[in-house]
Amino acid sequence: MKFGIPKETKPHEHRVALTPSGVEALVRAGARVWVERGAGAGAGFEDEEYEQAGARLAYSRQEVFSRAQAVVCVHGPSPQDYPLLRPGLVVMGFWALPAARPEDVEALLATGASVVGYEIIEDAHGHAPVLTSMSEIAGRLAVTIGSGLLLNEFGGKGILFSGVPGVPPANFVVIGAGALGRAAAQAALGMGASVVLLDRSVAHLRAAAQAVGHAVPTMLASPANIEKAIAFADLVLLSAAVRGERAPLLITRDMLKRMKPRAVLMDLSIDMGGCAETSRPTYFPDPVYTVDGIRHFCVPNLPSVAARSATLALTNTLLPYLLVVAERGFAEALRRTPELSAGTYIYQGKLVHGGLGRIFGKSAADLATVLG
C-alpha cells in the first residue's frame, strides 16, 4: 500500500497527519510512504526524521497525490485540490462535509475517489476516538485562550478567570457536554472558575458531571435555559455537535442582547457550521470580531496552536486504522473494521453515508453491498 502525507494548506494549520514514528510503523507493516517536504515543520518534525523513518520525500503536493493510493491529511483537501483526486484514490481527513456547499459535494463525488472523515469514525460504543483526541485538546485550549480574552490587554473587561479571595471568579457557560465541553469544564474548574454545563440530553449531562468529578451545575439546553445562562456569563463556549450532521443553531442574534457587554462567545463548532447565528470562521493572528458588543472567537482548527501535541494525539488514534489499510488494502480494511466503515462518506465516487445523503437530498448506497 502506498501512502501520501501532504503539507496542510488551511490557514494557520501547523499540524501534520502522522509523526515520523507513525510513518515508521507503516513502513514496517510493508507500506511505502511519501511525505511532502516541510509537511511536519510546523509541528517540529523535520524532513530528515521522516527519511530516517523510511519515508520518501515528495517535492510537490501533486507528487504526493499522484504516487499515493491513500492520502492521509489533517483536513480534507479544499475544492481547489479536487483535480488532484482520481478514481481509486482514498483521501482521509477531517472533512466536515455536512457543512460543505452542495456543489462541492457534487464535485467530490465526480472525482471517483473514496473519502474517509475522521469526525465520523465511530466504535461500537458510540465513541469517536479520532475526533475525541482533538476535542480534548481544543477544550483545554479554549479555557487557556478564553481566560486571556477576558483581560484588558486582549480587549476584555479585565476579569480574572479564577478570581481572588473576596472577588468572584468568571462565570463560564459551556453548551455541549461532549468531549470538548467536558475537557473545557474540567480545565476551568481546575483554574477556579464558576462553571455551568448545558446539553440537550440529560444522560449526557449526567455522564459529563461524573467525568468532571466536581459538583457542576447542569441545565437542559432549551432556548429558555440558554438565554438564562448566557445572560450572566462572562465567557460562553459553544461545543454542541451532532456527529455526521451540521451543528445545531442554538444562539440567535436576538439572544446576544441578553449577554453582558464585551462578554466572549467562543464557537468551536464552527467547523460544522457553528452554533450561533452570528458565528463565522476566524483565524490567527486576528481571531476575534465583535457583533452587538459581544466578542466572537470562532477558530475552526484550534488544536493547531498546540501542533506538536495535537499531531502526537492524532497519530495515536489514527495509526491503528492505517495499519489495517496497509496490511489488508482499503476495501478489506472496511470489511474488517466497522469503525472505518462508519467513517466513510464516499466509496469510489458513491455516496455511502446516510446522514450526508439526507442533508443534501441524495440517496446513499449501502457500503456493505457496494463492497460485495
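No experiment lies behind these values; they were computed from the predicted model shown. (Residues numbered from 1 in each chain as written. Predicted model: local features only at pLDDT ≥ 70, side-chain atom pairs only at ≥ 80, totals over all residues. Heavy atoms only, no water.)

J.: Lay out the nonpolar core with the relevant residues and their values.
T.: What tends to happen in soluble globular proteins is that the nonpolar side chains get buried as a cluster. Grouped together as the largest cluster of nonpolar side chains are 79 residues, with contacts concentrated most on Phe3, Phe172 and Leu340. With 10 residues, the top contributor of residues to this core is helix α10 (residues 307-328). Not counting residues within four places of it along the chain, the set of residues in contact with Leu340 comprises Met92, Val116, Ile121, Tyr321, Val325, Phe330, Ala333 and Leu334. (Core = buried A, V, L, I, M, F, W, Y, C linked by side-chain atoms within 4.5 Å. Buried < 20%, exposed > 50% of the residue type's maximum accessible area, 1.4 Å probe, protein only. Helix = DSSP H or I, 4+ residues; strand = E, 2+ residues; numbered from the N terminus. Contact = heavy atoms within 4.5 Å.)

J.: Break down the sheet that holds strand β3 (residues 56-58) for me, with residues and values.
T.: Strand order in this open sheet of 8 strands is β3-β2-β1-β4-β5-β6-β14-β15, and the pairing throughout is mixed. Of all strands in the sheet, those bounded by a partner on one side alone are β3 and β15 (350-351). Here 2 bridges tie strand β14 (residues 344-347) to β15, and the two strands are oriented antiparallel to one another. By the bridge assignment, Tyr347 is partnered in β15 with Lys350. (Pairing = 2+ DSSP bridges.)

J.: Which residues make up helix α8 (residues 223-231), and what values do they have?
T.: Along α8, the residues that are buried comprise Asn225, Ile226, Ala229 and Ile230. Axial view of α8: buried residues confined to an arc of 125°, hence all on one face. The exposed residues of α8 that point more than 90 degrees off its buried face are Pro223, Ala224 and Lys228. The inward-facing, buried residues of α8 abut β7 (171-175), β8 (194-199), β9 (218-220), β10 (235-238) and α9 (253-256). (Arc of directions from axis to C-beta.)

J.: If you had to explain the sheet that holds β9 to someone new, which residues and values would you point to?
T.: The strand order across the open sheet formed by 7 strands is β9-β8-β7-β10-β11-β13-β12, and the pairing between neighbours is mixed. Among the strands making up the open sheet, the edge pair consists of β9 and β12 (288-291). Neighbour to neighbour, the strand axes of the sheet diverge by 20° on average, direction disregarded. Pairing analysis gives 4 bridges linking β7 to β10, with the strands arranged parallel. Bridged to Phe172 within β10 is Leu235. Of the strands in this sheet, β8 and β9 are in contact with helix α7 (residues 202-212), which crosses β8 at around 145°. (Axes fitted to C-alpha atoms, helices over the stretch in contact; angles between N-to-C directions.)

J.: Any details on a negative patch on the surface? Residues and values, ideally.
T.: A surface patch of negative charge is lined by Glu46, Glu48, Glu49 and Glu51. Following the sequence through the fold, Glu51 ends up in helix α2 (residues 47-52). (Patch = residues over 30% accessible without salt bridge, like charges linked within 9 Å, V, L, I, M, F, W, Y side chains within 5 Å. Areas by Shrake-Rupley, 256 points an atom, 1.4 Å probe, with all protein chains shown as cover. Salt bridge = Lys/Arg side-chain N within 4 Å of Asp/Glu carboxyl O. Lys, Arg positive; Asp, Glu negative; His and termini not counted. Charge placed at Lys NZ, Arg CZ, Asp CG, Glu CD.)

J.: Could you give me a rundown of the pattern of salt bridges, with the residues and numbers involved?
T.: Using the criterion set out here, one finds 15 salt bridges in the structure. With its nearest N and O atoms 2.9 Å apart, the salt bridge here joins Arg67 to Glu63. Taken together, the residues Arg67 and Glu63, both in helix α3 (residues 61-67) and 4 residues apart, mark about one turn of the helix. Accessibility expressed as a relative area gives 18% for Glu63, which makes it buried. Shared partners join several salt bridges into a network, and the residues in it are Arg101, Glu103 and Asp104.

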